[in-house]
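# Secondary and tertiary structure notes
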Amino acid sequence: MKSTFIRYLPLLLIALAWEAAPRIGLVSPLALPPLSSVLAAWVELLRDGELISNGASSLYRAGMGLAIAVVIGATLGIFMAWWRPVNVLLSPLVEIFYPMPKSALIPVMVLWLGFGDASKVVLIFVGCLLPVTLSAFNGARGTDEVLIWSARSLGASRARVLWEIVLPSSLPEMLSGIRTALALSFVLLVSSELIVARQGFGYMIGWLGDGGAYDAMFAVVLTVALLGFAADRLYLMLVRRILAWRE
């Protein structure tokens with residue numbers, strides 16, 4: 001209990017500073033409303049149902065894009081490490097697209113897919129795909145070759161070696177890449193919804209800010225931050241269970 005309190009003490013100090021700074025005049029309440037006002041606005045948004053309906057749309061988009069990226073990215077990464085022709089074919093594409101800001105694709109996705117969910121889901125998929133692919137590739141490439149040779153010498157097929165040796169060996173690295181992709185999914189979600197959406201967290205932040213409802217705007221921003229934090233904590237708990245065999 002004490003260690004948990006010490007771990008999250010910086011967050012408590014930030015919350016206290018947030019409440020105090022506008023109250024004592026260090027910053028304008030228009031630029032940064034007190035935390036108590038933000039929490040009151042959050043309760044009001046929750047009562048109206050705006051936060052829940054828009055949040056459901058956002059979480060659906062982020063979840064779908066991330067899930068597809070994990071499945072396809074993990075498969076591509078392991079196949080790139082396992083079969084050289086696949087690596088030769090896909091490596092140039094990965095090298096070209098990895099450093100490109102994925103938010104630059106927002107207008108392209110809207111042009112191709114419109115203003116609905118599809119453009120956001122595909123954008124999140126593209127942004128999350130490469131971290132998962134590279135982490136799976138690096139994890140699979142790091143498999144101890146002695147284990148592979150031993151399994152092959154005992155008569156294991158290539159498919160069995162891939163499933164029972166390469167995949168478990170690549171899991172730690174791949175799960176780390178998925179964690180990065182999880183964070184990126186929230187970033188790309190809000191970025192896309194701020195620009196081209198009629199529903200979602202990003203859309204709410206935009207229209208509340210344009211309307212001068214800054215306390216409500218900060219309430220939505222805080223909600224996104226807390227959801228991202230909670231998703232990361234839950235993911236780490238899941239990773240510890242998946243990798244329990246390493247203990």
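To be clear, the structure that these remarks concern was listed above.
The sections below set out a description of the structure shown in this document. In this text the structure is predicted, and so the values were computed from the model without any measurement.

Time to look at the pattern of salt bridges. Tallied over the entire structure, the rule returns five salt bridges. A salt bridge links Asp232 to Arg179; the shortest N-O distance between them is 2.7 Å. Separated by 53 residues along the polypeptide, Asp232 in helix 11 (residues 214-242) and Arg179 in helix 9 (residues 158-195) bring together distant segments of the chain. Its relative accessible area of 33% is what places Arg179 among the partly exposed residues. Through salt bridges that share partners, Arg61, Asp117 and Glu193 make up one connected network.

Let us now look at empty space enclosed by the protein. Counted according to the given criterion, the structure contains one cavity of 30 Å³ or more. Here the largest cavity is characterised by a volume of approximately 40 Å³. As for the largest cavity, its lining consists of Ile106, Met109, Val110, Ser119, Lys120, Leu123, Ser192 and Val196. Looking at the lining of the largest cavity, the elements that each hand over two or more residues are helix 6 (106-113) and helix 7 (117-141). In terms of residue class, the lining of the largest cavity is made up of five nonpolar, two polar and one charged.

Under the defined criterion, the tally for this structure stands at three aromatic pairs. When the centroid spacing of 6.2 Å and the interplanar angle of 65° are considered together, the rings of Trp18 and Phe218 count as edge-to-face. One end of the pair, Trp18, is in helix 2 (residues 9-23); the other, Phe218, is in helix 11, with 200 residues separating them in the sequence. Judged by relative accessible area, which is 15%, Trp18 ranks as buried.

Judged by nonpolar contacts, the single largest core of 50 residues is most densely connected at Leu45, Val161, Val166, Leu175, Leu208 and Val220. Secondary-structure elements contributing two or more residues to this core are helix 3 (35-48), helix 4 (50-82), helix 7, helix 8 (145-153), helix 9, helix 10 (201-210) and helix 11. The leading source of residues in this core is helix 9, at 14 residues. Setting aside chain neighbours within four positions, we find Val161 in contact with Trp82, Ile148, Ala151, Arg152, Ala156 and Val166. Of all hydrophobic cores here, the second largest spans six residues; its members include Leu105, Ile106, Val110 and Leu123.

The rules behind each value
Residues numbered from 1 in each chain as written. Predicted model: local features only at pLDDT ≥ 70, side-chain atom pairs only at ≥ 80, totals over all residues. Heavy atoms only, no water. Salt bridge = Lys/Arg side-chain N within 4 Å of Asp/Glu carboxyl O. Helix = DSSP H or I, 4+ residues; strand = E, 2+ residues; numbered from the N terminus. Buried < 20%, exposed > 50% of the residue type's maximum accessible area, 1.4 Å probe, protein only. 1 Å grid on protein atoms, 1.4 Å probe; cavity = no way out; pocket = protein on both sides within 12 Å on 5 of 7 lines; lining within 4 Å. Points joined across faces, edges and corners; volume = space filled by probe spheres on them. Nonpolar A, V, L, I, M, F, W, Y, C, P; charged D, E, K, R; others polar. Phe/Tyr/Trp six-rings, centres within 6.5 Å; stacked < 30°, edge-to-face > 60°. Core = buried A, V, L, I, M, F, W, Y, C linked by side-chain atoms within 4.5 Å. Contact = heavy atoms within 4.5 Å.

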